[in-house]
Amino acid sequence: MRFPLALTTKIAKHIVGHRLRGTPKFAMVLQLEPLHTCNLTCTGCGRIREYSTSLKDMVPLEQCLAAAAECNAPMVSVCGGEPLIYPKIEELVAGLREQGRIIYICTNGVFMRKKMREYMAAHYGPSLEPQLVQLVKEGLVTEKEADVIRKPDEAARKKVTIGPSKWHYWNVHVDGLEYTHDLIVEREGVFKECVAAIKMAKILGYQVATNTTVYRETDPGELEDMFRFLSSLECDGHTISPGYDYDAAKKDMVKRLGRDPKEFFLTRELTRQKFKDIERWGQMFTIFGTPVYQEFLAGKRELTCTAWAIPTYNVRGWKAPCYLMTDGHYPTYQEMLDKVAWDKYGVVDGVARDSRCENCMVHCGYDPSGALSNKPRDTWLNFKYNFLPRPAPIPSTPELAVKAFNGASIGKGHLAEAKAAVSKELGGAKSVYQRNGHHDHAGTDAGSAPTQRDELLQKIREGQKIEVKSE
Ligand code: SF4
Ligand code: SF4
């Protein structure tokens, strides 16, 4: 099975129960953002730009748990910001488990190893020693860290920690192989840290998923290589969604540069091109999400947005209408359901009800539409997809690793190349930056449009230091 039986059963019961009761709208996944503080500043991240990232602005633990209880979604995706910075993250995961929920901890991976060392210290005993020896042998834990784990002080022993469980997943943000991922998160070494964290988690018996956002400059061939590599690490599943820019930035760029939006953003047409192989990937890799949503992404059918099924709760309340767009915040989920004019959003039969929805195909709007479809064919497709055996992991090979570590590890990280470009005043600069707008794989030429590369170069010119810290 793609998903453990107990988890699949829980979700199926939730849907069937609501259908029998005739509930018109209900939550499937809660996107819980306890804070918006983050240790990274990824290109294009709306959260750290839309909300306060001050540590003072956090949702108290009790309020997070109350929000989960109120909407009663069987799955909670704890995101942010970086949720591992939330001071009560362990208590939050424990509280959500007490409520019987399936939990995804969406993380950029940088603090994962620290959290797992804390778990090991709190539970250290003879049964953990073989894993600890293996972790040291593989360079995932240092000798010094192993000593601390073996001799925890009173506080470390008593600490609430996040241990392995079939009910929760580390959900690690990975947007490509090393070169691309580090470019997008704007920091060298993050991909390498994510891979180390995934390996450590698998040795300790955690469930690990990854989540990937596809941008206009994403190369589908690279995505397939990325899934191969992640499969060789024995990841338990992957979510993938088109990224989508819909806001003022789009209008501003179009107005200022007088260019066609298609040159900058993922349109529906471009999304379908990028996702044309999604169904094949679904057979090769443990892609989460429904096959119905995959058909939608591949351009084989239309779906109607059901953003109410994946509500977002954060420091300002229930965010409406969806994870991406903010037209208001409400104090309760029910009030949001009642007061939002849901029929004003989404795309129906190819016509956008709201112009901002025009090119949106994101999973938080449309994946639940696939899961909630009551057409017999769709139900059968979803059942088959989830109940058939999950694809076997791809064997790990040196070739896969060489392909994966194509950036900072070989001394050609994005900063190194960007610096080279700066010193040559951009003359002859080659590489990934060229496809970030100037000559991308879609064959367009965006001329002098500002791109990720330009922003990055600007930062380097300003002398900003970017370095990775593992804790
Ligand atoms: S890690 Fe996530 S929250 Fe942090 S900057 Fe990147 S996308 Fe935003
Ligand atoms: S289609 Fe749905 S998920 Fe997408 S922007 Fe519109 S309301 Fe949000």
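This one's a predicted model, so the numbers in the text were calculated from it and none came from an experiment.

1. Structural notes on the overall build of the protein
Stage number 1. Counting secondary structure elements, the protein contains 22 helices and 11 strands.
Stage number 2. Long-range pairs, those at least 24 residues apart, make up 78% of the contacts in the protein with a sequence separation of at least 6.

2. Concerning the pairing of strand β5 (residues 207–214)
Stage number 1. With respect to burial, β5 is a largely interior element, eight of its eight residues being buried.
Stage number 2. Burial along β5 is two-sided: the face carrying Q207, A209, N211 and T213 and the face carrying V208, T210, T212 and V214 are both buried.
Stage number 3. Two strands pair when backbone bridges link them, and strand β4 (residues 168–173) and β5 are joined in this way by five bridges, in the parallel orientation. Within β5, the residue paired with Y169 across the bridge is Q207.
Stage number 4. In terms of strand pairing, β5 meets strand β6 (residues 237–242) through six bridges, oriented parallel. Its bridge partner lying in β6, T210 is registered against H238.
Stage number 5. Since β5 and β6 lie parallel, the crossover through helix α11 (residues 220–232) that links them has a hand, and here it is right-handed.

3. Comments concerning the site of ligand 1
Stage number 1. Surrounding ligand 1, one finds 13 residues, the nearest of these being C38, L40, C42, C45 and N108.
Stage number 2. Looking at the shell around ligand 1 residue by residue, the classes come out as six nonpolar, five polar and two charged.

4. Side note on the sheet that holds strand β2 (residues 75–78)
Stage number 1. Ordered in space as β6-β5-β4-β3-β2-β1-β7-β8-β9, the nine strands form an open sheet in which the pairing is mixed. Two strands bound the open sheet, and with one partner strand each, they are β6 and β9 (326–330). Averaged over neighbouring strand pairs, the angle between their axes works out to 25° when direction is ignored.
Stage number 2. Direction of pairing for strand β8 (residues 317–321) relative to β9: antiparallel, over a ladder of four bridges. Bridge assignment links K319 to a residue of β9, and that residue is H329.

5. Here's the deal with helix α1 (residues 5–21)
Stage number 1. Here α1 spans 24 Å end to end across 17 residues, near enough to the 24 Å set by a 1.5 Å rise per residue.
Stage number 2. By the criterion of burial, α1 is predominantly exposed, with just one of the 17 residues buried.
Stage number 3. Downstream of α1 by a residue or two, G22 has a phi angle that is positive, lying close to 70°.

6. Quick look at unusual backbone geometry
Stage number 1. The step from G80 to G81 runs through a cis peptide bond, and the omega angle for that step is 15°.
Stage number 2. With respect to the helices, strands and loops of the structure, G81 is situated in the loop between β2 and α4 (89–98).
Stage number 3. Along the chain, A320 connects to P321 via a cis peptide bond; the corresponding omega equals 5°.
Stage number 4. Tracing the chain through its elements places P321 in strand β8.
Stage number 5. Even without glycine at this site, E234 takes up a positive phi of about 65°.
Stage number 6. Among the structural elements, E234 can be located in the loop between α11 and β6.
Stage number 7. Its 15 C-beta neighbours within 10 Å are what place E234 among the partly exposed residues.

Conventions we followed
Residues numbered from 1 in each chain as written. Chains lettered and ligands numbered in written order. Predicted model: local features only at pLDDT ≥ 70, side-chain atom pairs only at ≥ 80, totals over all residues. Helix = DSSP H or I, 4+ residues; strand = E, 2+ residues; numbered from the N terminus. Contact = placed C-beta atoms within 7 Å. Buried ≥ 20, exposed ≤ 12 C-beta atoms within 10 Å, placed from the backbone. Pairing = 2+ DSSP bridges. Right-handed = clockwise from strand over helix to strand, strands pointing away. Near = placed C-beta within 6 Å. Nonpolar A, V, L, I, M, F, W, Y, C, P; charged D, E, K, R; others polar. Axes fitted to C-alpha atoms, helices over the stretch in contact; angles between N-to-C directions. Expected span 1.5 Å × (residues − 1).

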